[in-house]
Amino acid sequence: MVPSLPRDVAGAAARPHPNLSLSSLGNSGAEGPRGPQERPRPLQHPMGVSAEPGAGSGAAPEAVTDPDMEALFEEFLGKELSPELMVPSAAPPQPRGRPHHFVLRDTEQRGLCLRGGRLVPTPLQGASADLEEHMSAVPNPHLERRRCPLIVGIRGGSRALSCSPGPEPRLQLEDVALLELFSRGEGALPYTFYKTFGGSTHTFEAAACPGAFLSTAGGQELGLAPPDGATSFYMHRR
């Protein structure tokens, strides 16, 4: 039985890159012994994070990092390189790790249980706790790494969650392994979700359906909703 996660700590375990300050990195246009110095490049947000305004008037945003995602991406893809150091390859990438597994709860502390082929948000009491499905994830190596693109599923990574594009995007489970999708290239897009970390909770946006987010609103089954209906999830690695 997985214990309920405290609201103030359940989402704290997560994500990439060391903390980066988004404040100014120095004076531009300063004269040096060899002429004007190059303007420093602003640091980008670490992958899959949101930036919260710093305290005080005019303070620069502060980045929030996710150590769990940093570990996942480095295991599969290695250290992130600057674009000028990357070497293009025509061969499809091969997975170098195994899916990572996570406990996922909405802000009402409901887990996901599989019922009739659908993932249903369920209060984890009594027998329901033994039916909880944990989320498995691998990175999508073909999309922008800093947006934290995850191929996600259940049952240890043997079933994948997908979003079917269209006027009314639909969420479904498919019997395809996450590691197979890792090497599928553009074919993995429907199974990919951009994960954003806000410091304690996480949201998931379907890569194939921009603006459609995972949602437990209504309580009937896990579905998709516009940004104002997106569910914030607590998430930690098992």
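Provided above is the structure to which this section pertains.
Treat the numbers as computed from the prediction; the structure is a model and nothing was measured. (Residues numbered from 1 in each chain as written. Predicted model: local features only at pLDDT ≥ 70, side-chain atom pairs only at ≥ 80, totals over all residues. Heavy atoms only, no water.)

Engineer: Which parts of the structure should I look at to understand the overall build of the chain?
Structural biologist: Within the chain, the regular secondary structure consists of two helices and 17 strands. Look at the contacts in the chain between residues 6 or more apart in sequence, and 61% of them connect residues 24 or more apart. Summed over all atoms, the accessible surface of the chain reaches about 12,500 Å², with 51% contributed by carbon and sulfur. (Helix = DSSP H or I, 4+ residues; strand = E, 2+ residues; numbered from the N terminus. Contact = heavy atoms within 4.5 Å. Areas by Shrake-Rupley, 256 points an atom, 1.4 Å probe, with all protein chains shown as cover.)

Engineer: Is there a simple way to explain the pattern of salt bridges in this structure?
Structural biologist: Two side chains of opposite charge can pair, provided their charged atoms sit close to one another. A complete count under the given rule lists nine salt bridges for this structure. Here Asp66 makes a salt bridge to Lys195, at a shortest N to O gap of 2.9 Å. Residue Asp66 is located in the loop between strand E4 (62–63) and helix H1 (67–77), and its partner Lys195 is located in strand E13 (residues 192–197); the two are separated by 129 residues in the primary sequence. Among the residues examined, Asp66 registers a relative accessible area of 0% and is labelled buried. For Lys195, a relative accessible area of 0% corresponds to the buried category. Between Arg105 and Glu132 there is a salt bridge, and its shortest N-O distance comes to 2.9 Å. With Arg105 in strand E5 (residues 100–106) and Glu132 in strand E8 (residues 132–133), the pair connects residues that are 27 residues apart, well separated along the chain. The exposure class of Arg105 is buried, given its relative accessible area of 0%. Among the residues examined, Glu132 registers a relative accessible area of 9% and is labelled buried. (Salt bridge = Lys/Arg side-chain N within 4 Å of Asp/Glu carboxyl O. Buried < 20%, exposed > 50% of the residue type's maximum accessible area, 1.4 Å probe, protein only.)

Engineer: Looking at this structure, I do not really get the pairing of strand E12 (residues 170–174). What am I missing?
Structural biologist: If a strand is regular, its side chains alternate between the two faces of the sheet. The pairing of strand E11 (residues 159–164) with E12 spans five bridges and is classified as antiparallel. Among the inter-strand pairings, Cys163 is bridged to a residue of E12, identified as Leu171. With antiparallel pairing between neighbouring strands as the criterion, E11 and E12 make up a hairpin whose turn holds five residues, including Gly166 at a positive phi of roughly 150°. (Pairing = 2+ DSSP bridges.)

Engineer: Sorry, what's going on with unusual backbone geometry here?
Structural biologist: Most peptide bonds adopt trans geometry, and most residues besides glycine take a negative phi value. One non-glycine residue with positive phi stands out, namely Gln109, at about 60°. Following the sequence through the fold, Gln109 ends up in the loop between E5 and strand E6 (110–115). Its relative accessible area of 13% is what places Gln109 among the buried residues. One non-glycine residue with positive phi stands out, namely Arg155, at about 55°. By secondary structure assignment, the location of Arg155 is in the loop between strand E10 (149–154) and E11. Residue Arg155 is classed as partly exposed on the basis of its relative accessible area, which comes to 46%.

Engineer: Would you mind showing me how to read the nonpolar core here?
Structural biologist: Proteins that are soluble and globular tend to have nonpolar side chains buried together. Judged by nonpolar contacts, the single largest core of 37 residues is most densely connected at Leu150, Leu161, Phe193, Phe204, Leu214 and Leu222. Non-local contacts of Leu222, meaning those with residues more than four positions away in its chain, are made with Leu112, Leu119, Pro121, Leu161, Leu171, Leu214, Ser215, Thr216 and Phe233. (Core = buried A, V, L, I, M, F, W, Y, C linked by side-chain atoms within 4.5 Å.)

Engineer: Is there a simple way to explain the sheet that holds strand E7 (residues 118–123) in this structure?
Structural biologist: Strands pair in a sheet through their backbones, by hydrogen bonds, and they do so in one of two ways: parallel or antiparallel. Here three strands make up an open sheet; going across it, the order is E7-E6-E8 and the pairing antiparallel. Looking along the sheet, the strands with just one partner apiece sit at the ends: E7 and E8.

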